[in-house]
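# Tertiary structure, described
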Amino acid sequence: MTTSSETEAGPAPDDKTFPYQRKCPFSAPPEYAAMTERDVCQVELRGSGLRIWAVTGYETIRQLLTDPRVSASRKHANFPFYFVAPPEYRTETSFIGYDGDAHVRTRRKAALTFTHRQVQRLRPRVEEIVDTHLDAMLALTPPVDMHRVFSLAVPMTVICELLGIPQDRHDFFIKHGTALLGGHSSTEERQAAILEVNAYISDLILAKRREPGEDLLSRAMADYEASGEEYTDRDLFNMVRLLMNGGHETTASQISLGTACLLEHPDQLELLRSDPTLVKPAVEELIRFATIGDTAVPRVALADIEVGGTLIRKGDGILCLGLAANRDPEVFPDPDRLDITRGSRKHLGFGHGVHHCIGADLARLELEIVWSKLFQRIPTLRLAKPFASIPRKEGAVIYSLWELPVTW
């Protein structure tokens, strides 16, 4: 998906290979206009030569993500982005890469932690975490990089506590999460990051075996032992790695990009300030509007599938483009307009089907608390430089900003 020659601001423009650059962080790449007319079309992944099917239609994506003939397994040769890391570095043994019963069984090890009821019990602690990091940001002399001191820090603190990871390891995981998902790392840098993270998690697993806690990792290990299921340490550290990346990089990206979006749409920000009850619909609309996981839903066809008159052959790679689906005018009227009163939960920001994001409720809770408190406690918050000059994570698995300089 990326190459070592890419710059921090993103890969060089390339009209022939995918992923395409967004001209604006809040709009789809211009190439999507022609692609949405066909709903399904072939593209070449940058740096690999692999040709896959890019799917843009909202209903088509929903159908594919519930079709048993479509696989999430990273073991298939044509799985999109498989070339980023060789087999020994892949996360095919975590539940994100399983189908059928294996997916249900392994996902269940973590699912109880992320139920709506359990997540709501975390509200007081998440509020405390948000306030603590706002205090830390306000103690600095502006301008400050909100992405570094706040957006990354809040979800990292939350997910580390859930997994039983000491707070002094936050910077370690932020650094390696950026290397894995940031979009400008070379294959060698990604592999080095995976090795270091795996080594740390392996040590963590040994420590939890000696002294189990009340954390998710300890409970997952106890569940495996009680059920008598066969498992390996790799099953555990792939689960931890998946939840670490999914639990902090995505939410951090949404905090920064969503905050910038509100600051760039002062009418919508004023609506939110004047009516704090709009925060829940605002969360849904900002997830739809920015769609940080545009290219984060790859699949492989297990059989020949006809989609809208196009035949996808068995073994072909598929990429479901969430940004295009979330701008489908048949589902979201006037889709290119930010409207925090829209509040539709039909968006595909958390995926769809059995692989719907396990942490969706937690992400919603964190975003709701962040955008409730942020503008209440810092009512004069504003960007410290023109938005167009802020470098963006073009070509990254999770789209975002590299920094968010703010002042007040």
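Residues numbered from 1 in each chain as written. Predicted model: local features only at pLDDT ≥ 70, side-chain atom pairs only at ≥ 80, totals over all residues. Heavy atoms only, no water.

## Some thoughts on the pattern of salt bridges
Heads up, the condition is: Within this document, salt bridges are pairs made up of a side-chain nitrogen of Lys or Arg and a carboxyl oxygen of Asp or Glu, the two lying within 4 Å of each other. A run of H or I in DSSP becomes a helix once it reaches four residues, and a run of E becomes a strand once it reaches two; helices and strands are each numbered from the N terminus. Type-normalised accessible area, obtained with a 1.4 Å probe on protein chains alone, sets the label of each residue: buried when under 20%, exposed when over 50%, and partly exposed for intermediate values.
Counted by the stated rule, this structure contains 22 salt bridges. The salt bridge partner of Glu285 is Arg288, with a shortest N-O separation of 2.9 Å. On the criterion of helical spacing, the pair formed by Glu285 and Arg288 is a turn pair, its members being three residues apart in helix H13 (residues 279-290). Across the pair, Arg288 and Glu285 agree in class, each one buried. Across the pair Glu285 and Arg342 runs a salt bridge, and its minimum N-O distance is 3.1 Å. Here the residue Glu285 occupies a position in helix H13, and Arg342 occupies one in the loop between helix H14 (322-325) and helix H15 (360-377), the gap between them amounting to 57 residues. Using a relative accessible area of 1% as the deciding quantity, one classes Glu285 as buried. One salt-bridge network, in which partners are shared between bridges, spans Arg105, Lys109, Asp223 and Glu229.

## Thoughts on the side chain of His355
Note the following rule: Definition of a polar contact: a pair of N or O atoms within 3.5 Å, with one able to donate and the other able to accept a hydrogen when the atoms are protein atoms, and with sequence-neighbouring residues admitted only if both atoms are side-chain atoms. By definition, residues are in contact when any of their heavy atoms lie within 4.5 Å.
With respect to the helices, strands and loops of the structure, His355 is situated in the loop between H14 and H15. Residue His355 is classed as buried on the basis of its relative accessible area, which comes to 19%. A polar contact is formed between the side chain of His355 and the backbone oxygen of Tyr98, at a distance of 3.1 Å. When sequence neighbours within four positions are dropped, the list of residues in contact with His355 reads Ala72, Phe95, Ile96, Tyr98, Asp99, His103, Arg107 and Arg299.

## Some remarks on helix H7 (residues 153-163)
Of all 11 residues in H7, 10 are buried; the element is thus mostly enclosed. Considered for burial, the residues of H7 that qualify are Ala153, Val154, Pro155, Met156, Thr157, Val158, Ile159, Cys160, Leu162 and Leu163. The positive-phi residue at the C-terminal boundary of H7 is Gly164, with phi of around 80°.

## So, the sheet that holds strand S1 (residues 40-44)
Basically, it comes down to this: A strand pair is defined by DSSP finding two or more bridges across the two strands.
Pairing in this open sheet of five strands is mixed, and the strands run S1-S2-S8-S5-S3 from one edge to the other. Since the sheet does not close on itself, it has two edges, and those belong to S1 and strand S3 (70-71), each with one partner.

## Regarding the pairing of strand S8 (residues 317-320)
Burial of the side chains of S8 extends over both faces: Gly317 and Leu319 are buried on one face and Ile318 and Cys320 on the other. As paired strands, strand S2 (residues 51-55) and S8 are joined by three bridges and run parallel to one another. Counterpart to Ala54 in the pairing with S8 is Leu319. Note: strand S5 (residues 298-301) against S8, three bridges, orientation antiparallel.

## Let's talk about the confidence of the model for the protein
Cut-off, in case you're wondering: For every residue, the predictor reports its confidence as pLDDT, a number between 0 and 100.
Here the protein averages 87 in pLDDT, while 90% of its residues score no lower than 70. pLDDT under 50 marks residues 1-15. Its contacts with residues more than four places away, or in other chains, come to 42 contacts.

## Points about helix H12 (residues 266-274)
In plain terms, the rule: Throughout, the arc means that of the directions going from the helix axis to the C-beta atoms.
Where H12 is concerned, the buried positions are Gln268, Leu269 and Leu272. The buried residues of H12 all sit within an arc of 100° when viewed along its axis, so they share a single face. Of the residues in H12, the exposed ones pointing more than 90 degrees away from the buried face are Pro266 and Ser274. Buried-residue contacts for H12 involve helix H11 (233-264), H13 and H15.

## A closer look at the nonpolar core
Burial of nonpolar side chains together is a common tendency in soluble globular proteins. Stated precisely, the cut-off is as follows: Buried Ala, Val, Leu, Ile, Met, Phe, Trp, Tyr and Cys residues that are joined via side-chain atoms within 4.5 Å together make up what is termed a nonpolar core.
One finds Phe150 and Trp371 to be the most contacted residues of the largest nonpolar core, which totals 86 residues. It is H11 that contributes the most residues to this core, 14 residues altogether. Residues contacting Phe150, with those up to four places away along its chain left out, are Val130, His133, Leu134, Met137, Pro155, Ile255 and Val370.

## Quick word on the packing of aromatic side chains
The following threshold applies: The rule is short: rings of Phe, Tyr and Trp, with Trp giving its six-membered ring, pair when the centres are within 6.5 Å, and they are stacked under 30 degrees, edge-to-face over 60, tilted in between. Distance and angle both matter: a charge sits over a ring if NZ of Lys or CZ of Arg is within 6 Å of the ring centre and within 35 degrees of the ring normal.
The tally for this structure, following the rule as stated, stands at four aromatic pairs. Ring geometry for Phe26 versus Phe289: centroids 6.0 Å apart, planes at 25°, classification stacked. One end of the pair, Phe26, is in the segment before helix H1 (32-38); the other, Phe289, is in helix H13, and 263 residues separate them in sequence. The pair Phe26 / Phe289 is uniform in exposure class, with both members buried. Note on Phe26 and Phe387: the rings are 5.3 Å apart at their centroids and 5° apart in plane angle, and the pair reads as stacked. With Phe26 in the segment before H1 and Phe387 in the loop between strand S9 (382-383) and strand S10 (405-407), this residue pair connects regions lying 361 residues apart in the sequence. Classification of Phe387 by relative accessible area gives buried; the value is 9%. Three or more aromatic residues joined by ring pairs form one cluster here, namely Phe26, Phe289 and Phe387. In this arrangement the basic side chain of Arg22 is found over the ring face of Tyr399, its NZ or CZ atom lying 3.8 Å from the centre. Across from the ring centre of Phe332, 5.4 Å away, lies the NZ or CZ of Arg288, which sits over that ring.

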